Protein chains: 2
Amino acid sequence: MDDLQREVAERLDWLGEFGKDPKGGVSRLLYSKEWTEAQHALKAWIEQEGLEAQFDEIGNLFGVLKGKDTGETVLTGSHVDTVINGGRYDGAYGIVAGILALKYLKEKYGQPLRNIEVVSMAEEEGSRFPYTFWGSKNIVGLAKREDVENIRDFEGTSFVEAMKSSGFDFRDESKEARKDIKAFVEVHVEQGSVLETEKKSVGVVHSIVGQRRFTVEVVGEANHAGTTPMGYRKDAVYAASQMIFELIKMAREVGDPLVTTVGKIEVQPNIVNVVPGKAIFTIDVRHTDKEAIVSFTDQITAKINEVSKEHGVEAAIDMWMDADPVPMDPQVVELIEKQCKENGLNYKLMHSGAGHDSQIFAPHVPTAMLFVPSLKGISHNPAEYTEPEDLAEGVKGLIGALYELGYK
Amino acid sequence: MDDLQREVAERLDWLGEFGKDPKGGVSRLLYSKEWTEAQHALKAWIEQEGLEAQFDEIGNLFGVLKGKDTGETVLTGSHVDTVINGGRYDGAYGIVAGILALKYLKEKYGQPLRNIEVVSMAEEEGSRFPYTFWGSKNIVGLAKREDVENIRDFEGTSFVEAMKSSGFDFRDESKEARKDIKAFVEVHVEQGSVLETEKKSVGVVHSIVGQRRFTVEVVGEANHAGTTPMGYRKDAVYAASQMIFELIKMAREVGDPLVTTVGKIEVQPNIVNVVPGKAIFTIDVRHTDKEAIVSFTDQITAKINEVSKEHGVEAAIDMWMDADPVPMDPQVVELIEKQCKENGLNYKLMHSGAGHDSQIFAPHVPTAMLFVPSLKGISHNPAEYTEPEDLAEGVKGLIGALYELGYK
């Protein structure tokens, strides 16, 4: 194992101790004691590396390698919070990779042309409070005081109370968001198994999928399972099973990059000897192209209506999430790909099927992402793991990208 | 409304007051205060009608119209217990119909040739303790002390404690079961919508269906809904939806009297953005013919195995109930049908898709059943209802049957 492999793996182990959960994995929720300790420990590490470190008002931590022209900044980093019983890589890896990249660039190339900054963002997961991307949304000026003023965690602690007791506060919304960020590059674990399956060490992400989420409520008639002949039934599960089967089959026929998931099913009354009167299921549709999402939505809506007519049941389709795909910046993607090629990295151009802080940055600044493999695609789980070889390759990819963006 | 209609409807209202539940319907659980009061009130009513009444050891209540030959008995009746928040007809109607039939026979025809007895059986539903048919199983000598000695209700009260505090005890198992019962005729609400749909007032039941119940556990692989391409998935819900759809379709193709129900589905982890790793569902198969049940079981087992192979998932099928169909006695059925015809009743020969005390009696004594319609097939529900006209027709059918069996 070379030095970089050892260093990145050890730093991830170290960071994973903050919020290490006796029930497994890491639980490092926004503004918790563990979260606060992690951010301060990261600040100390950044300073040890001879870089300037400071928090913004809400608790995003920045470390900067000052450039000759301090009016322009190249930013990298990811989020420091985790889900409950999450892994040691999701988010954390992007921060560790960023600090190590800055350290390496400083040692090898000295002062850059532009500022190169690493950020340990406060929050992305939405695992403590019902609000996601608190960190990145504050950096680009999207987050508002009113969004979080009245929300509480599962123990009843208010967002504001938690923030203040952690030593932070709202940003001054009358001030404009930072204009100096010229590019953002995030490295992250894939949280899928494409890289592992295709035996690649690095993914260069060209876009983040858009998603639509639906709840479908199928209403038939609850009846006695013994005394109701088949011809008399309006069996909600029979209708729903056909809908689910057909719509997943359709998604498979459309093929990559479309993915469609029925993750949740609830049957009422859900008793072995009662013909179900109601079946409720969710649909999650993702694709990198908005038109493809719209067209597939039309197809599955038509199919659900057709099946419900056939069965004589009612089906109500409620779309409760509609997020557009977010393309990464083509120039930054091209530049990253070029240097991956030059440095002999075993990479793949790919999309992200999961959401990331990069989707918040992308509409505001040129943004791109790098992925490293996730063992068996496992994420948000104590078993999350990436081989040290791949962790190091990701850092190398980031170093190359930041050099291109910051020194040229 | 004629006198009989009024009388039967009023008596059902009266009996429905015992255990009337503030949350709706009737909750009259075995050996509860309400149950005990109901049995004693029924005893008083039977005695008011000039009939002898007595309890057996476990709390079955018998009323007898003594015959000239007291060595032979024709028995009618049903169970006095209800499910939680049940209706006023299920079980209760068979008791009220029996008492009114005895009263009418006595008034009109005097002393019969054989004893004609009505029974208000202690328990059929299994709603308080995990044991069903406690009443009828004691009459035919099937119930054993050891079956219930260690069971408790949902509040932790033991069966034995409940029985004793209600004033009853185990029967003497060293004594033989009664040998004097020459026939058993039970009237009951249909709990289905066949009679209502076909506009019939009375059903003459020729058999009670057999049932098999299964739990099918489909195991695939849980994955991230965004980052796992369709081709990489082992989606337990996709496989299960095809199984459920196909097996219900097959049941519809086989047609009456086969019924098949998937009443319960559980998905794991049941989260909108996770490809489900596990789907568990139940199957309830019923038919009047054992061979048809066996053959359909073979077909659906083959189909489930075929689908799981196709999808690359594992499916484990567990059969946890296998009850044979119970034919009613052909001679008693014929006799009842004959007198329905003679008395101009609007009847239909049919099977029962639900279980009844009659299936416990049938292997021991010649047994048959009469049904009356259930509004919209609703049962085990406060909305359970039968028109007084139909209630009266059912009593007339019973009177005719008991006259044939007891006076000739």
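Model, not experiment: these values are computed from the prediction.

1. Some thoughts on the overall build of chain A
Alright, step 1. On a plain count of helices and strands, chain A comes out with 12 helices and 16 strands.
Alright, step 2. Taking 408 residues into account, the globule formula puts the C-alpha radius of gyration at 22 Å, and chain A, at 24 Å, falls close to it.
Alright, step 3. Based on the C-alpha atoms only, the size of chain A along its principal axes is roughly 80 × 50 × 40 Å.
Alright, step 4. Across the 408 residues of chain A, 61% fall into the buried class.

2. Observations regarding the relation of the copies chain A and chain B
Between the two copies of the chain lies a relationship made up of a rotation around an axis and a movement along it.
Alright, step 1. Laying chain A over chain B is done by rotating through 180° and shifting 0.1 Å along the axis; what remains is an RMSD of 0.1 Å. Here the transformation between the copies is reduced to the relation of a two-fold axis. Minimal C-alpha separation from the rotation axis in chain A is found for Ser241 of chain A, amounting to 2.3 Å.
Alright, step 2. The share of interface residues of chain A whose copies in chain B are also at the interface is 100%, consistent with both copies meeting through the same surface.

3. Description of unusual backbone geometry
Alright, step 1. Look at the link from Asp256 of chain A to Pro257 of chain A: it is a cis peptide, with omega at 0°.
Alright, step 2. Residue Gln268 of chain B is joined to Pro269 of chain B through a cis peptide bond whose omega torsion reads 5°.
Alright, step 3. The residue Pro269 of chain B is located in the loop between strand S10 (265–268) and strand S11 (274–275) in this model.
Alright, step 4. Even without being glycine, Tyr31 of chain A reaches a positive phi, approximately 65°.
Alright, step 5. Mapped onto the elements, Tyr31 of chain A comes out in the loop between helix H1 (3–16) and helix H2 (33–48).
Alright, step 6. Here Tyr31 of chain A falls in the buried class, since its relative accessible area comes to 4%.
Alright, step 7. Despite not being glycine, Phe133 of chain A has its phi angle at roughly 65°, a positive value.

4. What about the environment of Ala239 of chain A?
Residue and element names in this part refer to chain A.
Alright, step 1. Considering the arrangement of structural elements, one finds Ala239 in helix H8 (residues 236–254).
Alright, step 2. Taking the relative accessible area as the measure of exposure, Ala239 reaches 0% and is therefore buried.
Alright, step 3. Taking the C-alpha atoms as reference, Ala239 lies 8.6 Å from Gly220; in sequence the two are 19 residues apart.
Alright, step 4. For Ala239, the contacting residues outside a window of four places in its chain are Val218, Val307, His311 and Val313.

5. Concerning the pattern of salt bridges
Residue and element names in this part refer to chain A.
Alright, step 1. By the definition in use, this model includes 52 salt bridges over all chains.
Alright, step 2. Residues Asp284 and Arg286 are paired through a salt bridge, measuring 2.9 Å at the closest nitrogen-oxygen approach.
Alright, step 3. By relative accessible area, Asp284 is classed as buried at 0%.
Alright, step 4. Salt bridges sharing partners connect three or more residues here, namely Arg212, Lys290, Asp322 and Asp324.

6. Comments concerning the domain arrangement of chain A
Reports of interface size often rely on the accessible area that becomes lost once the parts have come together.
Residue and element names in this part refer to chain A.
Alright, step 1. Per the domain assignment, the segments of chain A are domain 1 (3–209 + 325–407) and domain 2 (210–323).
Alright, step 2. Computed from C-alpha coordinates alone, the two centres of domain 1 and domain 2 are separated by 37 Å.
Alright, step 3. At the junction of the two partners, domain 1 supplies seven residues and domain 2 supplies 10 residues.
Alright, step 4. Interface of domain 1 and domain 2: buried area, both sides summed, is about 580 Å²; carbon and sulfur atoms make up 65% of it.
Alright, step 5. When the area that domain 1 buries against domain 2 is broken down by residue, the three leading residues are Val209, Pro325 and His351, summing to 76%.
Alright, step 6. In this assembly, domain 1 and domain 2 are joined by zero salt bridges.
Alright, step 7. Connecting domain 1 to domain 2 are one residue pair in polar contact (both at pLDDT 80 or more).
Alright, step 8. Considering only residue class, the side of domain 1 that touches domain 2 consists of four nonpolar, three polar and no charged.

7. Thoughts on the interface of chain A and chain B
Alright, step 1. At the interface, 53 residues of chain A touch 53 residues of chain B.
Alright, step 2. Here chain A packs against chain B, burying approximately 4600 Å² in sum over the two surfaces, 60% of which is carbon and sulfur.
Alright, step 3. Ranking the residues of chain A by area buried against chain B places Met230, Tyr238 and Val272 of chain A at the top, with a combined share of 16%.
Alright, step 4. Where chain A touches chain B, the interface holds zero salt bridges.
Alright, step 5. Our count for the chain A to chain B interface comes out at 14 residue pairs in polar contact (both at pLDDT 80 or more).
Alright, step 6. Within the residue set of the side of chain A that touches chain B, elements represented by two or more residues are helix H7 (194–197), strand S8 (223–224), H8, strand S9 (259–261), strand S10 (265–268), strand S11 (274–275) and strand S12 (278–287) of chain A.

8. Remarks on helix H8 (residues 236–254) of chain B
Residue and element names in this part refer to chain B.
Alright, step 1. Given a rise of 1.5 Å per residue, 19 residues ought to cover 27 Å, and the 27 Å separating the end C-alpha atoms of H8 matches this to within 8%.
Alright, step 2. The opening residue of H8 is Asp235, an N-cap whose side-chain oxygen sits 2.9 Å from the backbone nitrogen of Val237.
Alright, step 3. Directly beyond the C-terminal end of H8, a positive phi value near 80° is found at Gly255.

9. What to know about the packing of helix H2 (residues 33–48) of chain B against helix H3 (residues 92–109) of chain B
Residues and elements named next belong to chain B.
Alright, step 1. Where H2 meets H3, the axes come as close as 10 Å, and the angle between the chain directions of the two elements is 15°. By the angle between their axes, H2 is roughly parallel relative to H3. For the element pair H2 and H3, the recorded crossing hand is right-handed. Judged by residue contacts, Leu42, Trp45 and Ile46 of H2 engage Ile95, Val96, Ile99 and Leu100 from H3.
Alright, step 2. Taken together, the residues of the contact of H2 with H3 sort by class into seven nonpolar, no polar and no charged.

10. Remarks on the side chain of Asp21 of chain B
All names here are of chain B.
Alright, step 1. Within the element layout of this structure, Asp21 appears in the loop between helix H1 (3–16) and H2.
Alright, step 2. For the buried Asp21, which has no salt bridge, the nearest side chain bearing the opposite charge is Lys23, at an N-O separation of 5.9 Å.
Alright, step 3. At a separation of 2.5 Å, a polar atom in the side chain of Asp21 contacts the side chain of Ser27.
Alright, step 4. Aside from chain neighbours lying at most four places away, what touches Asp21 is Val26, Ser27 and Asn85.

11. Details of a negative patch on the surface
Residue and element names in this part refer to chain A.
Alright, step 1. On the surface, Glu57, Glu146, Asp147, Asp169, Asp172 and Glu173 cluster together to form a negatively charged patch.
Alright, step 2. Note that Glu146 resides in helix H5 (residues 145–148).
Alright, step 3. Of the residues examined, Glu146 reaches a relative accessible area of 62% and is grouped as exposed.

12. Brief notes about the packing of aromatic side chains
Alright, step 1. Inspection of every chain in the model, using the stated rule, returns 35 aromatic pairs over all chains.
Alright, step 2. Judged by centre distance (4.3 Å) and plane angle (40°), the ring pair of Tyr109 of chain A and Tyr403 of chain A falls under tilted. Here Tyr403 of chain A lies in helix H12 (residues 388–407) and Tyr109 of chain A lies in helix H3 (residues 92–109), a separation of 294 residues in the sequence.
Alright, step 3. What makes Tyr403 of chain A partly exposed here is its relative accessible area of 25%.
Alright, step 4. Taken together, a centroid distance of 6.1 Å and an interplanar angle of 80° make the contact between Tyr89 of chain B and Tyr385 of chain B edge-to-face. With Tyr89 of chain B in the loop between strand S3 (69–79) and H3 and Tyr385 of chain B in the loop between strand S16 (367–372) and helix H12 (388–407), this pair connects stretches of sequence that are 296 residues apart.

Reading the values: rules and limits
Residues numbered from 1 in each chain as written. Chains lettered and ligands numbered in written order. Predicted model: local features only at pLDDT ≥ 70, side-chain atom pairs only at ≥ 80, totals over all residues. Heavy atoms only, no water. Helix = DSSP H or I, 4+ residues; strand = E, 2+ residues; numbered from the N terminus. Rg over C-alpha atoms; globule rule 2.2 N^0.38 Å. Buried < 20%, exposed > 50% of the residue type's maximum accessible area, 1.4 Å probe, protein only. Least-squares fit on C-alpha atoms with pLDDT ≥ 70 in both. Contact = heavy atoms within 4.5 Å. Salt bridge = Lys/Arg side-chain N within 4 Å of Asp/Glu carboxyl O. Domains from an automatic or database assignment. Buried area = accessible area lost by both parts, 1.4 Å probe. Polar contact = N/O pair within 3.5 Å; in protein donor to acceptor, adjacent residues only side chain to side chain. Nonpolar A, V, L, I, M, F, W, Y, C, P; charged D, E, K, R; others polar. Expected span 1.5 Å × (residues − 1). Axes fitted to C-alpha atoms, helices over the stretch in contact; angles between N-to-C directions. Parallel < 35°, antiparallel > 145°, perpendicular 65-115°, else oblique. Left-handed = near helix turned anticlockwise from the far one by under 90°. Lys, Arg positive; Asp, Glu negative; His and termini not counted. Patch = residues over 30% accessible without salt bridge, like charges linked within 9 Å, V, L, I, M, F, W, Y side chains within 5 Å. Areas by Shrake-Rupley, 256 points an atom, 1.4 Å probe, with all protein chains shown as cover. Charge placed at Lys NZ, Arg CZ, Asp CG, Glu CD. Phe/Tyr/Trp six-rings, centres within 6.5 Å; stacked < 30°, edge-to-face > 60°.

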